[in-house]
Amino acid sequence: RQVFNISLKADIALSLSVVANFYYYILTEDYNTVNDLNVNCFSLLKIVGSDTIPSWLILAYNSINLFELAYLLLLILLIRTSFQLNYLKSTVFVFLTYGVGNYLYLVAMTFLYLYFN
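To start, this report covers the structure provided alongside it.

### As for the packing of helix α4 (residues 66–83) against helix α5 (residues 87–116)
At step 1: Contact geometry for α4 and α5: axes closest at 9 Å, N-to-C directions at 135°. One element, α4, and the other, α5, form an angle in the oblique class. Crossing hand, α4 versus α5: right-handed. Between α4 and α5, the residues in contact are E68, Y71, L72, L75, I76, L77, I79 and R80 and Y87, S90, T91, F93, V94, F95, Y98 and N102, respectively.
At step 2: Of the residues that constitute the contact of α4 with α5, the class distribution is 11 nonpolar, three polar and two charged.

### Here's the deal with a nonpolar patch on the surface
At step 1: A cluster of nonpolar side chains, contributed by L59, Y105, M109, F111, L112, Y115 and F116, occupies part of the molecular surface with about 760 Å² of accessible area.
At step 2: The leading source of residues in the nonpolar patch is α5, at six residues.
At step 3: Here L112 shows up in helix α5.

What counts and what doesn't
Residues numbered from 1 in each chain as written. Predicted model: local features only at pLDDT ≥ 70, side-chain atom pairs only at ≥ 80, totals over all residues. Heavy atoms only, no water. Axes fitted to C-alpha atoms, helices over the stretch in contact; angles between N-to-C directions. Helix = DSSP H or I, 4+ residues; strand = E, 2+ residues; numbered from the N terminus. Parallel < 35°, antiparallel > 145°, perpendicular 65-115°, else oblique. Left-handed = near helix turned anticlockwise from the far one by under 90°. Contact = heavy atoms within 4.5 Å. Nonpolar A, V, L, I, M, F, W, Y, C, P; charged D, E, K, R; others polar. Patch = residues over 30% accessible without salt bridge, like charges linked within 9 Å, V, L, I, M, F, W, Y side chains within 5 Å. Areas by Shrake-Rupley, 256 points an atom, 1.4 Å probe, with all protein chains shown as cover. Salt bridge = Lys/Arg side-chain N within 4 Å of Asp/Glu carboxyl O.

Shown next as structure tokens:
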């Protein structure tokens, strides 16, 4: 129950990502197609551009963004305070759980993209 509560609190960062994307694209009108709206405005994909990388790397580049970093930092801080761990142990715990899970998700989605294309 406590871990679920921590994850809900940390999800605020990911919710802010959706809100920030929404307002970014409304205010700047920096899109031409509907596919341009899928790009996170604070991601590595926005900096590099989707035309300069292979299409199977788009999901990986889009997942590297400031809000993911904020999510990781919130998880580390909330786990540290809830379980009275030091920063190193809570950081290792977050990277071994969420980091590995996120990596496996990206690998699986990239594999599915390559398989069905």
